[in-house]
Amino acid sequence: MEKKILFVLQLVGHPRDSKRISMLQREGFQLEALAFERDYHKGRLPSCKVSFIGKLQHGRYFFRLLKILRAIPLIRKAIRRNEAVYASGQDVAFASYLAGWGLGRPIIMEVGDIVGLQVADGFFGKIFRLIDRIVTSRYSSLVVISQGFLTTYYRKWLGVSIPALVIENKLSGEDFPQKPSYYRKSLSKEMPLADRHIRIGYFGLLRDDWSWRVLSNLAKNYPEKFEIVFAGYPVNPINISELVNDFSNMSFLGEYKSPGQLPEIYEKVDMVWSCYPEIKSDDWNLRWGRPNRFYESCFFGKPCFAREGSLFAEDVKKFNLGCIIDDIDVSKVVDQISAISMKDLNVWNRSVFELPPEIFMYLQEGKELASMIRNL
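Within any chain, residue numbers begin from 1 and follow the written order of that chain's sequence. Reporting in this predicted model follows two pLDDT cut-offs: at least 70 for local features of residues, and 80 or more for side-chain atom pairs to be given and counted; totals over whole chains, interfaces and linings ignore these cut-offs and use all residues. Hydrogens and water molecules were not included; the side-chain quantities draw on all heavy atoms of the structure.

## A few points about the overall build of the chain
Step number 1: A run of DSSP states H or I qualifies as a helix once it reaches four residues; a run of E qualifies as a strand once it reaches two. Both are numbered from the N-terminal end. Looking only at helices and strands, one finds 16 helices and 13 strands in the chain.
Step number 2: Against the compact-globule benchmark of 21 Å for 376 residues, the chain has a radius of gyration of 21 Å, which places it among compact chains.
Step number 3: With respect to the principal axes defined by its C-alpha atoms, the chain has extents near 65 × 45 × 40 Å.
Step number 4: Within the span of the chain, comprising 376 residues, buried residues form 55% of the whole.
Step number 5: Asp and Glu are treated as the negative residues and Lys and Arg as the positive ones, with His and the ends of the chain left uncounted. Taken as the charge centre is NZ of Lys, CZ of Arg, CG of Asp or CD of Glu, depending on the residue. Here the chain contributes 52 positive and 43 negative side-chain charges, whose respective centroids are spaced 7 Å apart. Radius of gyration: over C-alpha atoms. The globule rule applied is 2.2 Å multiplied by the number of residues raised to the 0.38 power. When accessible area is computed with a 1.4 Å probe and restricted to protein chains, residues below 20% of their type maximum are described as buried, those above 50% as exposed, and intermediate ones as partly exposed.

## Describing the packing of helix 8 (residues 209–221) against helix 14 (residues 330–338)
Step number 1: At a minimum axis separation of 9 Å, helix 8 and helix 14 run at an interaxial angle of 55°. Relative to helix 14, helix 8 is oriented oblique. Considering only the axes of helix 8 and helix 14, their crossing is right-handed. Contact residues: Trp210, Arg213, Val214, Asn217, Leu218 and Asn221 in helix 8; Val330, Val333, Val334, Ile337 and Ser338 in helix 14. Lines are fitted to the C-alpha atoms to define the axes, a helix being fitted only along its stretch in contact, and any angle between axes, read from their N-to-C directions, falls within 0 to 180 degrees. Note that the term roughly parallel is reserved for angles under 35 degrees, roughly antiparallel for angles over 145, roughly perpendicular for angles of 65 to 115, and oblique for everything else. When the near helix sits turned anticlockwise from the far one by under a right angle, the crossing is termed left-handed; a clockwise turn instead gives a right-handed crossing. Should any heavy atoms of two residues lie within 4.5 Å, those residues are counted as being in contact.

## Describing unusual backbone geometry
Step number 1: The omega angle of the peptide bond from asparagine 236 to proline 237 is -5°, so this bond is cis rather than trans.
Step number 2: In the segment running from serine 258 into proline 259, the intervening peptide bond is cis, with an omega of 5°.
Step number 3: Assignment of secondary structure puts proline 259 in the loop between strand 10 (250–252) and helix 10 (262–266).

## Remarks on the pattern of salt bridges
Step number 1: Whenever Lys or Arg places a side-chain nitrogen within 4 Å of a carboxyl oxygen from Asp or Glu, that contact is recorded as a salt bridge. Within the structure shown, the criterion is met by 14 salt bridges.
Step number 2: Salt-bridge contacts for arginine 16 lead to glutamate 110; the nearest nitrogen and oxygen are separated by 3.2 Å. Pair noted here: arginine 16 is in helix 1 (residues 15–26) and glutamate 110 is in strand 5 (residues 107–111), with a separation of 94 residues, a long-range link. In this pair, the class of arginine 16 matches that of glutamate 110, namely buried.
Step number 3: Between arginine 81 and glutamate 32 there is a salt bridge, with the nearest N and O atoms lying 2.8 Å from each other. With a gap of 49 residues between them, arginine 81 in the loop between helix 3 (72–80) and strand 4 (84–88) and glutamate 32 in strand 2 (residues 30–37) connect regions that are remote in the sequence.
Step number 4: Look at arginine 81 and you get partly exposed, because its relative accessible area is 42%.
Step number 5: Where salt bridges share partners, they join Arg16, Arg20 and Glu110 into one cluster.

## Considering the packing of aromatic side chains
Step number 1: Side-chain rings of Phe, Tyr and Trp (the six-membered ring for Trp) are treated as a pair once their centres are within 6.5 Å; stacked means planes under 30 degrees apart, edge-to-face means over 60, and tilted covers the remaining angles. What the rule picks out here adds up to 28 aromatic pairs.
Step number 2: Considering the side-chain rings of tyrosine 266 and phenylalanine 300, the 4.9 Å spacing of their centres and the 10° angle between planes classify their relative orientation as stacked. With a gap of 34 residues between them, tyrosine 266 in helix 10 and phenylalanine 300 in the loop between helix 12 (292–299) and strand 12 (304–307) connect regions that are remote in the sequence.
Step number 3: With relative accessibility at 1%, the residue tyrosine 266 sits in the buried group.
Step number 4: You can call phenylalanine 300 buried: its relative accessible area is 2%.
Step number 5: A connected cluster of aromatic rings, assembled from ring pairs, spans Phe176, Tyr182, Tyr183, Phe203, Tyr266, Phe299, Phe300 and Phe360.
Step number 6: The cationic tip of arginine 184 hangs over the ring face of phenylalanine 353; the distance from NZ or CZ to the ring centre is 4.9 Å.
Step number 7: Look at NZ for Lys and CZ for Arg. If either is within 6 Å of the ring centre and within 35 degrees of the ring normal, a charge sits over the ring. The ring centre of tryptophan 284 lies 5.7 Å from the NZ or CZ of arginine 287, which sits over that ring.

## Quick word on the sheet that holds strand 4
Step number 1: Only when DSSP finds a minimum of two bridges between them are two strands counted as paired. Here we have 7 strands laid out as an open sheet, ordered 3-2-1-4-5-6-7, and parallel in their pairing. Across the chains shown, the open sheet's two edge strands, defined by having one partner strand only, are strand 3 (49–55) and strand 7 (164–166). Within this sheet the neighbouring strands show an average axis-to-axis angle of 20°, counted without direction.
Step number 2: Where strand 6 (residues 141–144) lies against strand 7, 3 bridges are found, and the strand directions are parallel. The residue bridging leucine 142 from the neighbouring strand is alanine 164, located in strand 7.

## Side note on the side chain of glutamate 168
Step number 1: Structurally, glutamate 168 can be placed in the loop between strand 7 and helix 7 (180–183).
Step number 2: With no salt bridge to any partner, buried glutamate 168 finds its closest opposite charge in arginine 290, at an N-O distance of 4.2 Å.
Step number 3: Any pair of nitrogen or oxygen atoms within 3.5 Å is treated as a polar contact; in protein, a donor-acceptor pairing is required on top of that, and neighbouring residues in sequence qualify only through side-chain atoms on both sides. At 2.7 Å, the side chain of glutamate 168 and the side chain of tyrosine 295 are in polar contact.
Step number 4: Setting aside residues up to four positions removed in sequence, glutamate 168 forms contacts with Arg20, Ile145, Arg290, Tyr295 and Tyr362.

What is shown is where atoms sit, not what they do.
Set out below in structure tokens:
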């Protein structure tokens, strides 16, 4: 019988966490999860038993840390009945380490984001990285979503040498058993620009005010050419559902479930908004990150928008998968997007359709993760 594994989650509903749980269930592991409640887009719920151990608010990191530390007795109790801990996030990994002190249970930490203090310049940044190196070295293994996180931050900057895997935010063939061509249904016989608007979709956690300003100005300035479709959980601006009512060419579909409703929302658009706002010199998280929208856009055959300087933009350029945004001035970005032609769409669409599936689909990642855990 496979190991019993405790997942400790910062929240419930993040697609990445639920994918890891499904991966290991398919490999035969017995799983349970502890999680904090948060106001968040519950796009994909875990397929195992989940027990809640507190509620966290967005931001307010000091109070968040206190609540996580208060949950240590509950985490320790759960650790006792499991053989390993899979912690999704640096804070819950540290809490799991404290909670499991003396119990001898291996801890796997997954990192989906690098926070500002981890890469900060100056005294406090150096001290934090020193602490991070000491703490991370105590874990049994590490999983990251980007090669940049592993190669540059953990290996080069911290000098951490524990076993590690890179598992990107790809899609699973278990969720989409048909070939990608099956899900790449055309919207209609109508052609964008010739018979209707170009439809741009912005899906998921909608927390970027800069993106809202770009897309709303695009809709306002070019009402005959573009239509904007939002779906997911609004954070900034929080009232997107109301704001879109001022536009005849904008709509908000509300929250959706992943993976079940992904085909439905991606069918409605021609391009996908995956572009980050300005990436500052010290914003390594955006440079290294790879959003779910990128992999989903590839799977469903939709060209995307990407920010110059981000790691996934290199793939967009390499394979010619969409539009690269370099400027940060809203009006200039709107002008750039307004120049997109039918020829551009055809070229990008052809490139996306020819993309090798291993770019956006999991192959052996689940077996590799299971093998790493078995060898702990």
